Amino acid sequence: MNIKWNATVRHTLMIVFSIVMVYPLIWWVGASLKSNAELGSPGIFPSVPKWSNYTDGWHAIPGRTFTDFYLNTFGLEAMVLIATLFSTTLVAFGFARLDFPLKNLWFSILMMTLMMPSQVLIIPQYAMFHQLGWVNTYLPFVVPHLVASGAGGSFFVFLLIQFIRGIPKDLDESAKIDGCSWFGIFWRVVLPLTQPAIVTIMIFCFLWNWDDFLGHLLYLNSVDKYTVGLALRMINDAQSAQEWGQLLAMSLVSILPATIVFTFLQRYFVEGIATTGIKG
């Protein structure tokens, strides 16, 4: 009886906490279907759902639709992902498998950058990119990732280093006997075996850049280059009489890509985190 009672208590508590955690999302969905007059009503869902909040919100910005902003955001995400994977995999392979002068010193510097607050870099980075003429372009987001110095770059390199160290070096020796160069070992042996870690990096990179409102606000000035986050801010500015239902509807739509990505790739995410640092 005690075992059954303990299980019942645990499940009850889990259900209660789940409801508490999910309630804001449920309220968000209901509020996105309300008019301004109904937002103060006690009920979660409106008596008559206002589905036009979604269609009107999609076209709320004059001369633009959210299709344009989604295309901008997905294009920027693709460039950042490619740059991140290109740089972090090569750097991590070098640290994990190659010997070169001052390797330990460079690795220590890499670890130190993990402890540096990103806010410290905002002003000097902006001054540098402004002098280079990169403001109002996507270069400030893409180029740093090409050298593994973008948002999360050091963390991604460290994650991959730990993962690659868990791959037996006997595979490298076998590849060398077959005539593989170091790049061949990286491309044909190590890279395919790091798939869980790579997917983990892709998830982190996608989510962090999708939510990077401050960076997009600093460097993007033209509406034709705006991302979804900046478009949501424009809904506030574009309407003198704020339609909160439209804003809530578009903000709800804006989280769907990140939710879908994490939902479909969470198996690889858990596998990548669980196996990182396990020695072969």
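Attention in this report is confined to the structure presented alongside it. Treat the numbers as computed from the prediction; the structure is a model and nothing was measured. (Residues numbered from 1 in each chain as written. Predicted model: local features only at pLDDT ≥ 70, side-chain atom pairs only at ≥ 80, totals over all residues. Heavy atoms only, no water.)

A separate point is the packing of helix α4 (residues 103-114) against helix α7 (residues 153-165). At a minimum axis separation of 9 Å, α4 and α7 run at an interaxial angle of 125°. The angle between α4 and α7 falls in the class oblique. Considering how the two elements wind past one another, α4 and α7 form a crossing that is left-handed. For the pair α4 and α7, the contacting residues are F107, L110, M111, T113 and L114 in the first and S154, F155, V157, F158 and I161 in the second. Looking at the contact of α4 with α7 residue by residue, the classes come out as eight nonpolar, two polar and no charged. (Axes fitted to C-alpha atoms, helices over the stretch in contact; angles between N-to-C directions. Helix = DSSP H or I, 4+ residues; strand = E, 2+ residues; numbered from the N terminus. Parallel < 35°, antiparallel > 145°, perpendicular 65-115°, else oblique. Left-handed = near helix turned anticlockwise from the far one by under 90°. Contact = heavy atoms within 4.5 Å. Nonpolar A, V, L, I, M, F, W, Y, C, P; charged D, E, K, R; others polar.)

A separate point is the pattern of salt bridges. Following the criterion strictly, the structure yields two salt bridges and no others. A salt bridge links R97 to D172, with the shortest nitrogen-to-oxygen separation between them at 2.5 Å. Taken together, the residues R97 in helix α3 (residues 66-97) and D172 in helix α8 (residues 170-177) connect sequence positions 75 residues apart. Here the two residues R97 and D172 agree in accessibility, since each one is buried. A salt bridge links D99 to K103; the shortest N-O distance between them is 3.8 Å. (Salt bridge = Lys/Arg side-chain N within 4 Å of Asp/Glu carboxyl O. Buried < 20%, exposed > 50% of the residue type's maximum accessible area, 1.4 Å probe, protein only.)

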